[in-house]
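Here is what each chain is made of, one letter per residue.
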Amino acid sequence: MASNTAPTSAEYIIHHLGHLTTTGKPQEAIIDFSIINLDTLFWSVSMGLLVILILWSVARKATSGVPGRLQAGVELVVELVEEQSKSIVHGNRQFIAPLALTVFLWVIFMNALDFLPVDLPHAIFALTGLDSVIHYHRIVPTADLNGSLGMALGVLALMLFYSVKIKGLGGFIHELFCAPFGAHPALWVPNLAINIIEFVAKTVSLGMRLFGNMYAGELVFCLIALLGGTATVFGFIGHVLAGSVWAIFHILIVLLQGFIFMMLTLVYIGQAHEGH
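What comes next is a walk through the structure. Remember, it's a predicted structure, so these values are computed and weren't measured experimentally.

**Quick look at the packing of helix 4 (residues 96-112) against helix 6 (residues 145-178)**
Here is step 1 of the chain: At their nearest, the axes of helix 4 and helix 6 sit 13 Å apart, and the two run at 170 degrees to each other. When the axes of helix 4 and helix 6 are compared, the pair comes out roughly antiparallel. Taken together, the residues of helix 6 that come into contact with helix 4 (itself represented by I96, L99, W106, V107 and M110) are M151, L158 and Y162.
Here is step 2 of the chain: Here the contact of helix 4 with helix 6 is composed, by residue class, of 8 nonpolar, no polar and no charged.

**Looking at the nonpolar core**
Here is step 1 of the chain: In terms of nonpolar packing, the biggest core is built from 46 residues, with L206, M214, F261, M262 and L266 touching the most fellow members.
Here is step 2 of the chain: Elements represented by at least two residues in this core include exactly helix 2 (38-60), helix 3 (69-88), helix 4, helix 6, helix 7 (188-228) and helix 8 (233-272).
Here is step 3 of the chain: Considering every element that reaches this core, the biggest residue donor is helix 8, with 11 residues.
Here is step 4 of the chain: Sequence-distant contacts of M262, that is, excluding residues within four places in its chain, are made with V81, A100, V103 and F104.
Here is step 5 of the chain: Residues Y12, I13, L17 and A225 belong to the second largest nonpolar core, which totals 5 residues.

**Considering the packing of aromatic side chains**
Here is step 1 of the chain: Counted according to the given criterion, the structure contains 8 aromatic pairs.
Here is step 2 of the chain: Ring geometry for F42 versus W43: centroids 5.0 Å apart, planes at 80 degrees, classification edge-to-face.
Here is step 3 of the chain: Ring plane angle 35 degrees and centroid distance 5.5 Å describe the contact between F211 and Y215, whose orientation is recorded as tilted. Here F211 and its partner Y215 are both found in helix 7, 4 residues apart, which amounts to about one turn of the helix.
Here is step 4 of the chain: The partly exposed category is assigned to Y215, whose relative accessible area is 28%.
Here is step 5 of the chain: Following the ring pairs from residue to residue traces out a cluster consisting of F221, W246 and F249.

Cut-offs used in this document
- Residues numbered from 1 in each chain as written.
- Predicted model: local features only at pLDDT ≥ 70, side-chain atom pairs only at ≥ 80, totals over all residues.
- Heavy atoms only, no water.
- Axes fitted to C-alpha atoms, helices over the stretch in contact; angles between N-to-C directions.
- Helix = DSSP H or I, 4+ residues; strand = E, 2+ residues; numbered from the N terminus.
- Parallel < 35°, antiparallel > 145°, perpendicular 65-115°, else oblique.
- Contact = heavy atoms within 4.5 Å.
- Nonpolar A, V, L, I, M, F, W, Y, C, P; charged D, E, K, R; others polar.
- Core = buried A, V, L, I, M, F, W, Y, C linked by side-chain atoms within 4.5 Å.
- Buried < 20%, exposed > 50% of the residue type's maximum accessible area, 1.4 Å probe, protein only.
- Phe/Tyr/Trp six-rings, centres within 6.5 Å; stacked < 30°, edge-to-face > 60°.

Printed below as a string of structure tokens:
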């Protein structure tokens, strides 16, 4: 925001929750697949690469002796994910367990970007002179519906893939038309409708749950930042107290949303391995 006048509360929130897009303008409430949210793409890829780098570094330095803190932490997470995948998915988990681990850590790292000060990215842009180019920027990829639904669509693709792989194409099509009500031709259309609704509901709920929680958290951080900008003692104290309490509570949200997304991914893939 190049204006010298202080922004209103609405302008401040819109500015911080707007996306850096290929059009240079915040995303409008329309469906336009030609517009790409560059900030979501950059930070999601960056956090994915960071997760890979950390796991690679730990694996390269792993020792059979007394592990360091980082190795011990990674081993605990790996064991947790392995136990969950073993109890949910009955079959070959050579790909599924590493997938669950990747999803778990990736979502947590993307969510954790919410702990950075709300005004930090824009302050950096102002210091480096990039504020003339980057007017909008949202740092949390999971607070973007495009990002969370994109991951949910990836889970949908895996559900369909394993449904066909485990049951065969014929078995999968048969299940679409004959489950759950029966194989009578009069029930084919209701069965197909129910199964399509089930796939759509799983995908939408998976993405919307993550997006809703992270977007709400980011909005609360913006409101707390506005409280600190009131230039009063009450505002400053309220900003510090509310920010501290919400940040501590948000740690639980960040971890819990990563765990829920991983568990639902395992559950949906596990259901794809089983028949009705």
